[in-house]
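# Secondary and tertiary structure notes
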Amino acid sequence: QVQLVESGGGLVQAGGSLRLSCAASGRTFSSYRMGWFRQAPGKEREFVAAITRSGDSTYYLDSVKGRFTISRDNAKNTVFLQMNSLKSEDTAIYYCAADERWGRLGTIARLYDYWGQGTQVTVSS
């Protein structure tokens, strides 16, 4: 199995940027597809972005396309989420997750196998 620890969250003004990191330990990081999800107060956990094992393909929630970029460094066992042009509606706890399955990149939270503890992102308007 794999352990995941997110970092990089914080308070930022609307229009600003943050870069989230998720460090993995345990089983070989490149064995997993990786995803970022978020959960705002009173709402269900929502898919944000996903990336294949090699990093050659990505998939995004429509509302973050062109603003967020997911990437990974398998040599450093880390996945990133670069968030630009942040909006107040991006405020949430952001989680990274690992997926052992093959096939199309997953957008459903319950299909991911391992989760980090989350990092808070707050965007002030």
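Going by the structure above, here's the rest.
I will try to describe carefully the structure that is included in this document. On a predicted model such as this, the values are computed, not experimentally measured, just so you know.

## Examining the pattern of salt bridges
Enumeration according to the criterion identifies six salt bridges in this entry. Put simply, Arg33 and Asp99 hold a salt bridge, and the shortest N to O gap is 2.7 Å. With a gap of 66 residues between them, Arg33 in strand β4 (residues 33–39) and Asp99 in strand β9 (residues 92–99) connect regions that are remote in the sequence. In this structure, the salt-bridge partner of Arg38 is Asp90, at a minimum N-O distance of 2.9 Å.

## With respect to the state of the cysteines
Counted according to the given criterion, the structure contains one disulfide. Covalently, Cys22 is tied to Cys96 through a disulfide, its sulfur atoms 1.9 Å apart. Between Cys22 and Cys96 the disulfide shows an S-S torsion of about 45°. By sign, it is right-handed. Of this pair, Cys22 sits in strand β3 (residues 18–26) while Cys96 sits in strand β9, and the two are 74 residues apart along the sequence. When its relative accessible area of 0% is taken as the criterion, Cys22 is described as buried. Taking relative accessible area as the criterion, Cys96 reaches 0% and is therefore assigned buried.

## Examining the nonpolar core
Counting 29 residues, the largest nonpolar core has Met34, Trp36, Leu81, Met83 and Tyr94 as its most contacted members. If you list the elements that add at least two residues to this core, you get β1 (2–7), β3, β4, β5 (46–51), β7 (68–73), β8 (78–83), β9 and β11 (119–124). Contacts of Tyr94, omitting those with residues within four sequence positions, involve Glu6, Leu20, Trp36, Phe37, Arg38, Val48, Phe68, Leu81, Met83, Gly118, Thr119 and Val121. Grouped together as the second largest cluster of nonpolar side chains are six residues, Phe47, Ala50, Ala97 and Tyr112 included.

## Overview of unusual backbone geometry
Positive phi values are uncommon outside glycine, yet Asn77 reaches one of about 55°. Summarising the element assignment, Asn77 is placed in the loop between β7 and β8. Asn77 sits in the partly exposed class, given a relative accessible area of 30%. A positive phi is found at Ser85, a non-glycine position, where the angle reads about 50°. Looking at the element boundaries, Ser85 is found in the loop between β8 and β9.

## A closer look at the sheet that holds β3
Spatially, four strands are ordered β1-β3-β8-β7 in an open sheet, and the strand pairing comes out antiparallel. The open sheet has two edge strands, β1 and β7, and neither has a second partner. Between one strand axis and the next, the sheet turns through 15° on average, direction left out of account. Here six bridges tie β3 to β8, and the two strands are oriented antiparallel to one another. Paired with Ala23 across the bridge in β8 is Thr78.

## Thoughts on the side chain of Glu6
Positionally, Glu6 belongs in strand β1. Buried and unpaired, Glu6 has Arg45 as its nearest opposite-charge partner, separated by 7.4 Å. In this structure the side chain of Glu6 is engaged in a polar contact, spanning 2.8 Å, whose partner is the backbone nitrogen of Cys96. Here the side chain of Glu6 touches Gln117 through a polar contact of 3.0 Å, landing on its backbone nitrogen. Excluding its chain neighbours within four sequence positions, the residues that come into contact with Glu6 are Ser21, Cys22, Trp36, Tyr94, Tyr95, Cys96, Gly116, Gln117, Gly118 and Thr119.

Conventions used here
- Residues numbered from 1 in each chain as written.
- Predicted model: local features only at pLDDT ≥ 70, side-chain atom pairs only at ≥ 80, totals over all residues.
- Heavy atoms only, no water.
- Salt bridge = Lys/Arg side-chain N within 4 Å of Asp/Glu carboxyl O.
- Helix = DSSP H or I, 4+ residues; strand = E, 2+ residues; numbered from the N terminus.
- Disulfide = S-S within 2.5 Å.
- Buried < 20%, exposed > 50% of the residue type's maximum accessible area, 1.4 Å probe, protein only.
- Core = buried A, V, L, I, M, F, W, Y, C linked by side-chain atoms within 4.5 Å.
- Contact = heavy atoms within 4.5 Å.
- Pairing = 2+ DSSP bridges.
- Axes fitted to C-alpha atoms, helices over the stretch in contact; angles between N-to-C directions.
- Lys, Arg positive; Asp, Glu negative; His and termini not counted.
- Polar contact = N/O pair within 3.5 Å; in protein donor to acceptor, adjacent residues only side chain to side chain.

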